[in-house]
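Read off the chains here:
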Amino acid sequence: MATRHDTAAPPAKEGGAAPGRRPVVPTEAEQRHRARLSRRWQRDKRWSPYAFVSPFFLLFLAFGLFPLVYTGWASLHQVELTAPTDMTWVGMRNYTRIFDDDFFWNAAKNTLTIGIISTVPQLLMAMGLAHILNYKLRASTFYRVAMLAPYATSIAAASLVFVLLFGRDYGMINWALHFVGIDAIDWQNDKWPSQFAVSSIVIWRWTGYNALIYLAAMQAIPQDLYESAALDGASRWKQFLHVTLPSLRPTILFTVVVSTIGASQVFGEPLLFDANKGASGGAEHQFQTLGLYLYEQGWVNQHLGRASAIAWTMFLILIVIGIVNYVISRRLRASS
């Protein structure tokens, strides 16, 4: 029988390459191609983030910054809506004129009172609802979705329903008040009832939205704090006062600032609450806000320059609110 003798290849030296294999040296064309790809990758890594965020800045430039600058320029001119290109320089006269207008101060006071009436109950109710939803409840997802239903409802639909509820002769609110011995209230023509009715629309639409914000912040609070408080004998109410509220201070500040900004820009609710009076905000301007006053000057009276001055005045008010928010938030961070 023939015997097969296989001769194994000698082992490669330690640290050396296997015999018969030589390192592949790229050609000059391949080196140029790799260098080109490397430069392209570096450019992509450097400029891609700017390309991703550029749509926002382009949209902001077209629909945010340009209208803001143009409105500021128009506020220094006498210009009518019927001829927006015919501008006459008047300087600060539009500002001094609106500050001398009693209707402006009436709208400012109405905006303040409606803002207080709508913001304070809204945030208190939102805090209570969030505290209830923070416990383990059956169908908790359903309740959270139901909280957002008013927010998803259009202003026109909500205002129409509340107009029917607050009707003087056939409204359900007056019908219910009749059973407790209270005479019918003219919700649209009396000052304080009309402001309360407008504020109730705002409360109904935004309470659930703020409740979900508070709920998310509550669920981020460590449970160890509640367990420690319970071991020390703290009741549920004391846990809420001494654990929940201090932990929610940044969130409360955020909702207060956002609600204040929203209250200063209330427009749709008072406009639709009395559609017959339109932008006047009632027969005696009893619930005319700054937003309605701006609309009346610009689109009813067609004084575009004066309306631009009102818009910039509201913008400066928002800047003041932002500065106050910044100062308070810094002090809260320093104290914590």
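Relevant structure appears above.
Residues numbered from 1 in each chain as written. Predicted model: local features only at pLDDT ≥ 70, side-chain atom pairs only at ≥ 80, totals over all residues. Heavy atoms only, no water.

## Focus: the side chain of Thr111
Here's step 1: In this structure, Thr111 sits in helix 3 (residues 102-133).
Here's step 2: Residue classification places Thr111 among the buried positions, given a relative accessible area of 8%.
Here's step 3: Leaving out residues up to four positions away in the same chain, Thr111 has contacts with Ala263, Ser264, Thr289 and Leu290. (Helix = DSSP H or I, 4+ residues; strand = E, 2+ residues; numbered from the N terminus. Buried < 20%, exposed > 50% of the residue type's maximum accessible area, 1.4 Å probe, protein only. Contact = heavy atoms within 4.5 Å.)

## So, the pattern of salt bridges
Here's step 1: Inspection of the entire model under this criterion finds 3 salt bridges.
Here's step 2: Here Asp169 and Arg168 are joined by a salt bridge, their closest N and O atoms 3.4 Å apart.
Here's step 3: Residue Arg168 is classed as partly exposed on the basis of its relative accessible area, which comes to 47%.
Here's step 4: Arg205 is paired through a salt bridge with Glu269; the nearest N and O atoms lie 3.7 Å apart. Note that Arg205 is positioned in helix 7 (residues 191-219) and Glu269 in helix 11 (residues 268-273), a separation of 64 residues in sequence.
Here's step 5: Judged by its relative accessible area of 5%, Glu269 is buried.
Here's step 6: The structure contains a network of salt bridges with shared partners spanning Arg168, Asp169 and Asp186. (Salt bridge = Lys/Arg side-chain N within 4 Å of Asp/Glu carboxyl O.)

## Comments concerning the nonpolar core
Here's step 1: The biggest cluster of nonpolar side chains holds 17 residues, and the ones touching the most others in it are Met127, Ala130, Tyr214, Met218, Ile221, Val243 and Leu248.
Here's step 2: In this view, Met127 contacts Tyr214, Met218, Phe240, Leu245, Leu248 and Ile252; residues no more than four positions away in its chain are not counted.
Here's step 3: Membership of the second largest hydrophobic core comes to 12 residues, among which are Ile98, Phe104, Ala309 and Ile310. (Core = buried A, V, L, I, M, F, W, Y, C linked by side-chain atoms within 4.5 Å.)

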